[in-house]
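What follows is each chain in one-letter form.
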Amino acid sequence: MNASLEKLVAQLDQNRQQFSTPCYVYSIEDVANNYRKLKEKLGTSLIYSLKANSCLDLIVRCGHIFEDGIEIASVGELNLLPRGESPRYINNPSADKSFIRAAIASKCTLVVDNLFQLEIIREFQGKRPIKPLILRLNPSTLDQFVEPPAGTRKDHFGLSWKDAIRALETCKEHGLDVAGFHVFRGSYSFAKLANSTAQAALKIVEIFEDSLGYPLSLVNLGGGFNSNWENENFDFDQYRSLLSEFPSHINITHESGRAIMESAGYFVTEVRYVKSIEGRRYGVCNGGMAQNFLLAKTESAFKRFSQPLILREGSVVKPEEEAGSCFLVGTSCNKEDVIGEVKGFDVKPGDLAIFSHCGAYNASYTVAPFLSLPSAKSYLME
Ligand SMILES: *Cc1c(COP(=O)(O)O)cnc(C)c1O
């Protein structure tokens with residue numbers, strides 16, 4: 001058991017009534033450690049991608065941790081965030097005029113997804129100060145510089161190469177400053193693609209600087225880190241030496257959501273009833289897919305359910321050999337609402353199921369209220 005889980009178990013034992021289940025519990029210490037470890041390994045800046053977890057209390061308490069900035073993808077997220085000192089980037093293909101206006105007004109850096117957004121930004125020119133722009137490049141723009149990786153899926157984010165060149169011309173012609181560019185090749189892609197991304201980015205820096213006639217200040221190489229990136233055997237020394245080839249006037253950054261948040265969050269739900277149908281045992285919980293959609297694994301072909309820790313009257317229940325197993329189910333009337341599996345014993349009413357690795361996307365990627373079910377509360381571990 002790691003330190004934050006041990007702490008959570010102790011707090012649930014001592015102050016059971018302080019936690020209303022179902023709930024998420026986040027460890028600020030884990031967020032800080034995850035952020036610092038990854039940033040140190042990369043040797044670059046590291047931007048936090050807010051959509052992974054936008055719990056307000058947590059973000060406010062983590063403001064000082066995310067020293068290199070936060071990336072925001074919606075007006076909702078923008079309004080949620082208190083104004084801090086660290087940079088904020090807004091980035092969304094569908095960002096419209098009112099979102100862009102709000103972003104400029106609150107001094108965000110705009111990441112331009114398409115030429116239409118650039119036209120909107122031009123309308124605000126001269127009316128409000130606009131921070132130097134970042135151009136978001138579609139991953140396909142890299143393929144002319146490095147061998148395109150087999151089996152990568154196309155996506156719709158950012159500018160095509162042709163549009164990127166036009167964007168540079170427009171910016172130059174109208175005196176819109178460009179800080180640099182941003183490319184993101186998708187979640188989980190880092191170990192496989194980071195080196196080729198950096199190699200292509202080196203060439204793109206030259207082309208951008210030639211075209212603009214002034215030096216860039218920022219290159220965002222994306223991310224796509226697994227939450228267990230430390231066990232992937234990626235050669236960070238070699239990667240850092242590749243990054244040292246970038247001109248020293250450029251601030252290199254990466255961005256991450258999952259690797260910073262996933263292991264820092266727990267989901268806790270209480271078993272209400274236990275029943276058996278045709279030999280299959282179920283623990284019916286007070287939380288399920290309506291509060292933690294990802295646990296139901298609706299998007300995987302072969303479901304391997306998470307195995308929560310079970311806390312009974314303050315102690316962790318230990319599995320016994322040969323004993324049965326049961327499925328934990330939620331509250332939603334949806335037959336997909338199976339959120340976990342307990343092996344080696346049967347759960348009992350009143351047991352608490354603690355799911356680890358629920359800090360990224362579990363709360364934010366849970367669909368809007370269904371059956372008017374209550375949403376999960378959120379707590380911070382002290
Ligand atoms: C969602 C997103 C991320 C974060 O992805 P993780 O897999 O959570 O690290 C980073 N960059 C962009 C552009 C994104 O849209």
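It should be emphasised that the depicted structure is a prediction, and the values quoted were computed from it without experimental measurement.

Notes on the site of the ligand
Taken together, S49, K51, E71, R136, H182, F184, S187, E255, S256, G257, R258 and Y361 make up all the residues around the ligand. Within the side chain of K51, a nitrogen or oxygen atom sits 2.7 Å from an oxygen atom of the ligand. For the ligand, an oxygen atom lies 2.5 Å from a polar atom in the side chain of Y361. Contact with the protein chains hides 92% of the accessible area of the ligand, taken as 390 Å² for the molecule alone.

Some details on empty space enclosed by the protein
In total, this model carries three cavities of 30 Å³ or more according to the counting rule given. For the largest cavity, the full set of lining residues is R185, S189, F190, L193, A194, T197, L221, G222, G223 and Y239. The set of elements that each furnish at least two residues to the lining of the largest cavity consists of α8 (190-212) and β8 (218-223). The element best represented in the lining of the largest cavity is α8, accounting for four residues. Broken down by class, the residue content of the lining of the largest cavity amounts to five nonpolar, four polar and one charged. Taken as a whole, the second largest cavity holds about 40 Å³ of empty space. Around the second largest cavity, the lining residues are I90, A95, I100, L110, V111, Q117 and I121. Put simply, the parts of the chain that give the lining of the second largest cavity at least two residues each are β5 (109-112) and α6 (115-124).

Notes on a nonpolar patch on the surface
On the surface, L56, V60 and L80 cluster together into a nonpolar patch covering about 220 Å² of accessible area. In this structure, V60 sits in helix α3 (residues 56-62). By relative accessible area, which is 47% here, V60 ends up partly exposed.

Here we look at the packing of aromatic side chains
Under the criterion given, the structure shown has 17 aromatic pairs. Pairing F190 with Y239 gives two aromatic rings, centres 5.4 Å apart and planes at 90°, and the pair type is edge-to-face. Of this pair, F190 sits in helix α8 while Y239 sits in helix α9 (residues 236-243); the two residues are 49 residues apart in sequence, bridging distant segments of the chain. The burial state of F190 is the same as that of Y239; both residues are buried. Between F234 and Y239 the ring centres are 5.5 Å apart and the planes differ by 70°, which places this aromatic pair in the edge-to-face class. Relative accessible area serves as the criterion here: at 1%, Y239 is assigned to the buried category.

Quick look at the nonpolar core
Where a protein is soluble and globular, its nonpolar side chains tend to be buried together. Counting 98 residues, the largest nonpolar core has F66 and F246 as its most contacted members. Per-element accounting of this core gives the leading share, 10 residues, to α8. Shared between two domains, this core holds at least three residues of each, these being domain 1 (3-23 + 264-381) and domain 2 (28-261). Excluding anything up to four places from it in sequence, F66 contacts V31, Y35, Y48, S86, I260 and M261. If you look at the next biggest cluster of nonpolar residues, it comprises 14 residues, including L8, V9, I354 and Y379.

Some remarks on the UniProt feature "domain: Orn/DAP/Arg decarboxylase 2 N-terminal" (unreviewed entry) in the protein chain
UniProt tags residues 30-261 as "domain: Orn/DAP/Arg decarboxylase 2 N-terminal" (unreviewed entry). Secondary structure content for residues 30-261 is 41% helix and 17% strand, while the C-alpha to C-alpha distance between its ends is 8 Å.

A closer look at the sheet that holds strand β9 (residues 251-256)
An order of β2-β3-β4-β5-β6-β7-β8-β9 is seen for the eight strands of this closed barrel, with the pairing classed as parallel. Between one strand axis and the next, the sheet turns through 25° on average, direction left out of account. Strand direction decides the pairing type here: strand β3 (residues 70-72) and strand β4 (residues 88-91), joined by three bridges, are parallel. Residue pairing in the sheet places I70 in a bridge with R88 of β4. This element, α6, spans β5 and β6 (133-137) of the sheet and lies at about 145° to β5.

Cut-offs used in this document
Residues numbered from 1 in each chain as written. Predicted model: local features only at pLDDT ≥ 70, side-chain atom pairs only at ≥ 80, totals over all residues. Heavy atoms only, no water. Near = heavy atom within 4 Å. Polar contact = N/O pair within 3.5 Å; in protein donor to acceptor, adjacent residues only side chain to side chain. Areas by Shrake-Rupley, 256 points an atom, 1.4 Å probe, with all protein chains shown as cover. 1 Å grid on protein atoms, 1.4 Å probe; cavity = no way out; pocket = protein on both sides within 12 Å on 5 of 7 lines; lining within 4 Å. Points joined across faces, edges and corners; volume = space filled by probe spheres on them. Helix = DSSP H or I, 4+ residues; strand = E, 2+ residues; numbered from the N terminus. Nonpolar A, V, L, I, M, F, W, Y, C, P; charged D, E, K, R; others polar. Patch = residues over 30% accessible without salt bridge, like charges linked within 9 Å, V, L, I, M, F, W, Y side chains within 5 Å. Salt bridge = Lys/Arg side-chain N within 4 Å of Asp/Glu carboxyl O. Buried < 20%, exposed > 50% of the residue type's maximum accessible area, 1.4 Å probe, protein only. Phe/Tyr/Trp six-rings, centres within 6.5 Å; stacked < 30°, edge-to-face > 60°. Core = buried A, V, L, I, M, F, W, Y, C linked by side-chain atoms within 4.5 Å. Domains from an automatic or database assignment. Contact = heavy atoms within 4.5 Å. UniProt positions renumbered as here; feature names shortened; annotations may be inferred. Pairing = 2+ DSSP bridges. Axes fitted to C-alpha atoms, helices over the stretch in contact; angles between N-to-C directions.

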